[in-house]
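Spelled out from the first residue to the last, the chains are:
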Amino acid sequence: MLRTPENEGRSRATGRFVALVGALALAFLVAACAGDYPGSTIDPKTDLGETVHSLYVSVFWWTMFIGVVVWAVLGYTIFAFREKPGQERPRQIHGHLGLEIAWTVGPAIIVVAIAIPTVQAVFATQARPPADAMVVEVTGHRYWWEFHYPEQGVVTANELHLPVGRPVALRLSSADVIHSFWVPMLGGKRDVNVPRTAPEGQEPEYNHLYFTINEEGTFLGQCAEFCGESHALMRIRVVAQSEADFQGWVRDMRTPSPTAMASTAPAAADQNEAAGTPEAAPSPAPQEDPLVTQGRETFMSSTCVACHAIEGTPAAGVMGPNLTRLGRRAYIGAGLLENTRENLVRWITDPSTVKPGVRMPSTDREARLPTGQGMWPATGLTDDQVQAVAAYLSTLR
Ligand code: CUA
């Protein structure tokens, strides 16, 4: 090629382009190595997840093997039989019996090698749980998750606490439409249906998910079946804890928060979470923030109690998320907003701006009933009342 200024300019531009693409590729590669991924599909933390993952890994390596063989043969053929001076027509192998047998039997063996663990894994995902498995009844609502622990007598929402090392049996059902429970690190995705009605005397049919978690941590999940306008805003947060921490959480969930009701009694000694910590002598209840008192009164005398329950108070609604120890949750609105006072105010004032189609009324706007028929009236809370309710709720720790 002639060395002209035009050509040199072009090759410099090409060089810059290649460098840019290279740098971008490197950046993506490095980015993939950093950080932790609480919703990773390739980092299972349960026996079920490992079963699914090992299948994925084995299929991956089989396809890599096939890819390498195919590309090697192809590459050799292209190179060895390329057109060159004196190259004669290569030997023709059409209809070669040995090759025909080899490329029929080879893939058949690979298919069988993949099929056997696949069928085993399919059965493993449908296995019955051991008798000592801890049952959690999971209910999908538009657009939040309810978790009921029948043995422990605990109800909570959106943040699912589970012990490490103990078999867990989730019983899935929906209160309205089809949802899907998917926490990738627990392994598997399962539809959450309205249970099929059963004939008299028989249990309705539920979908189940069984696993044993093998590592502490926080794992994120998400509704995985389109269920309405806020389907994408229906998140799950799994807190996998040691057995002792889990028992502590259960104990706290069963005891009212110190501020749940007006503090006539000394504050419960719930600060001593770690087992074995000597209990501090009961101190006289500190003077309560008047805003908290006002918030409690507002909450208990408004329509909040028609839908929400708080352990140890007269609030016992079951249509909405149970708010016991709400102050301890990391997020509100099913994983949407960080649990801060400001966000509580924003949520109580008008949740529909955060979550379209939400079944909770705003201060000045009605909302559709969970059943979809009829409307809830607006709560009618003033800005001051909203501030007070948010202050009260955030003390429920
Ligand atoms: Cu619930 Cu999508």
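Residues numbered from 1 in each chain as written. Predicted model: local features only at pLDDT ≥ 70, side-chain atom pairs only at ≥ 80, totals over all residues. Heavy atoms only, no water.

Draft legend 1. Structural detail: the overall build of the protein chain. Regarding its fold elements, the protein chain presents nine helices and 14 strands. Of the contacts formed within the protein chain by residues at least 6 apart in sequence, a portion of 58% connects residues at least 24 apart. Approximately 23100 Å² of the protein chain is accessible, and the part contributed by carbon and sulfur atoms is 62%. (Helix = DSSP H or I, 4+ residues; strand = E, 2+ residues; numbered from the N terminus. Contact = heavy atoms within 4.5 Å. Areas by Shrake-Rupley, 256 points an atom, 1.4 Å probe, with all protein chains shown as cover.)

Draft legend 2. Structural view of the pattern of salt bridges. A complete count under the given rule lists seven salt bridges for this structure. A salt bridge links glutamate 137 to arginine 171, with the nearest nitrogen and oxygen atoms 3.7 Å apart. Pair noted here: glutamate 137 is in strand β1 (residues 134-141) and arginine 171 is in strand β5 (residues 167-174), with a separation of 34 residues, a long-range link. Judged by relative accessible area, glutamate 137 falls into the buried class, the value being 18%. One network of salt bridges, with partners in common, ties together Asp43, Lys45 and Glu215. (Salt bridge = Lys/Arg side-chain N within 4 Å of Asp/Glu carboxyl O. Buried < 20%, exposed > 50% of the residue type's maximum accessible area, 1.4 Å probe, protein only.)

Draft legend 3. A look at the sheet that holds strand β10 (residues 235-241). Spatially, β4-β10-β9-β6-β7 is the arrangement adopted by the five strands of the open sheet, whose pairing is mixed. In this open sheet, the two edge strands, each paired with only one partner strand, are β4 (159-163) and β7 (189-192). Taking the axes of each pair of neighbouring strands and ignoring which way they run, one obtains an average angle of 25 degrees across the sheet. Inspection of the sheet shows strand β6 (residues 179-182) paired to β7 by four bridges, in the antiparallel sense. Across the sheet, the residue bridging to phenylalanine 181 is arginine 190, located in β7. (Pairing = 2+ DSSP bridges. Axes fitted to C-alpha atoms, helices over the stretch in contact; angles between N-to-C directions.)

Draft legend 4. Structural detail: the packing of aromatic side chains. Per the stated rule, a full pass over the model turns up eight aromatic pairs. Ring centres 6.2 Å apart and planes at 85 degrees place the aromatic pair tyrosine 76 and phenylalanine 81 in the edge-to-face group. The exposed category is assigned to tyrosine 76, whose relative accessible area is 53%. Taken together, the ring pairs connect Tyr149, Phe246 and Trp249 into an aromatic cluster. (Phe/Tyr/Trp six-rings, centres within 6.5 Å; stacked < 30°, edge-to-face > 60°.)

Draft legend 5. Main features of the confidence of the model for the protein chain. A residue-level look at the protein chain finds 89% of positions with pLDDT of 70 or above and a mean pLDDT of 87. Looking at the elements of the protein chain, mean pLDDT is at its lowest for helix α1 (residues 5-33), recorded as 73, and at its highest for β6, recorded as 97. Taken as a whole, residues 265-278 scores under 50 in pLDDT and shows 19 contacts with residues more than four places along the chain or in a different chain. (pLDDT = per-residue confidence, 0-100.)

Draft legend 6. Quick peek at the side chain of histidine 141. Here histidine 141 shows up in strand β1. One polar contact links histidine 141 to glutamate 146, side chain to side chain, over a distance of 2.7 Å. Beyond its immediate stretch of four places on either side in the chain, histidine 141 contacts Glu146, Ala175, Asp176, His179 and Met234. (Polar contact = N/O pair within 3.5 Å; in protein donor to acceptor, adjacent residues only side chain to side chain.)

Draft legend 7. Representation of the packing of helix α7 (residues 341-349) against helix α9 (residues 383-394). One can describe the packing of α7 onto α9 by two numbers: an axis separation of 9 Å at closest approach and a directional angle of 125 degrees. By the angle class used here, α7 and α9 are oblique. Like other packed secondary-structure pairs, α7 and α9 cross with a definite hand, here right-handed. On α9, the residues that touch Arg341, Leu344, Val345, Ile348 and Thr349 of α7 are Val386, Gln387, Val389, Ala390, Ala391, Leu393 and Ser394. Looking at the contact of α7 with α9 residue by residue, the class counts come to eight nonpolar, three polar and one charged. (Parallel < 35°, antiparallel > 145°, perpendicular 65-115°, else oblique. Left-handed = near helix turned anticlockwise from the far one by under 90°. Nonpolar A, V, L, I, M, F, W, Y, C, P; charged D, E, K, R; others polar.)

Draft legend 8. Fine view of the environment of phenylalanine 211. Secondary-structure assignment places phenylalanine 211 in strand β8 (residues 207-212). Under the relative-accessibility criterion, phenylalanine 211 is labelled buried at 2%. Each C-alpha atom, one on phenylalanine 211 and one on leucine 170, is 8.7 Å from the other, the two residues being 41 residues apart in sequence. Not counting the four nearest positions on each side in its chain, phenylalanine 211 is found in contact with Thr46, Asp47, Leu48, Leu162, Arg166, Pro167, Val168, Leu170 and Leu186.

Draft legend 9. Local environment of the pairing of strand β9 (residues 217-223). Examined bridge by bridge, β6 and β9 share two bridges and lie antiparallel to one another. For phenylalanine 181, the partnering residue across the bridge sits in β9 and is cysteine 223. In this sheet, β10 lies alongside β9 in antiparallel orientation, the contact comprising six bridges. Bridge pairing in β10 links threonine 218 to valine 239.

Draft legend 10. Here's a closer look at α9. Here α9 contains twelve residues, and its C-alpha end-to-end distance of 17 Å stays within 8% of the 16 Å for a straight helix at 1.5 Å per residue. Buried residues of α9: Val386, Ala388, Val389, Ala390, Ala391, Tyr392 and Leu393, and no others. Next to the buried residues of α9 lie α5 (290-301) and α7. (Expected span 1.5 Å × (residues − 1).)

Draft legend 11. Just unusual backbone geometry, in detail. Residue tyrosine 143 is bonded to the preceding arginine 142 through a cis peptide linkage, with omega at 0 degrees. With respect to the element layout, tyrosine 143 can be found in the loop between β1 and β2 (144-149). For arginine 325, which is not glycine, the phi dihedral falls at a positive 55 degrees. Looking at the element boundaries, arginine 325 is found in the loop between α6 (304-307) and β11 (331-332). Residue arginine 325 is classed as buried on the basis of its relative accessible area of 3%.

Draft legend 12. Examining the sheet that holds strand β3 (residues 154-157) more closely. A sheet is described by the order of its strands in space; here five strands give the open sequence β3-β2-β1-β5-β8, paired in mixed fashion. Each having just a single partner strand, β3 and β8 make up the two edges of the open sheet. For this sheet, the mean inter-axis angle between neighbouring strands, taken without regard to orientation, is 20 degrees. Pairing of β1 with β2, which is carried by five bridges, proceeds in the antiparallel orientation. Each bridged residue has a counterpart across the sheet, and for histidine 141 the counterpart in β2 is tryptophan 144. Contacts between helix α4 (residues 243-254) and the sheet are confined to β1, β2 and β3, with β3 contributing the most and set at about 95 degrees to the helix.

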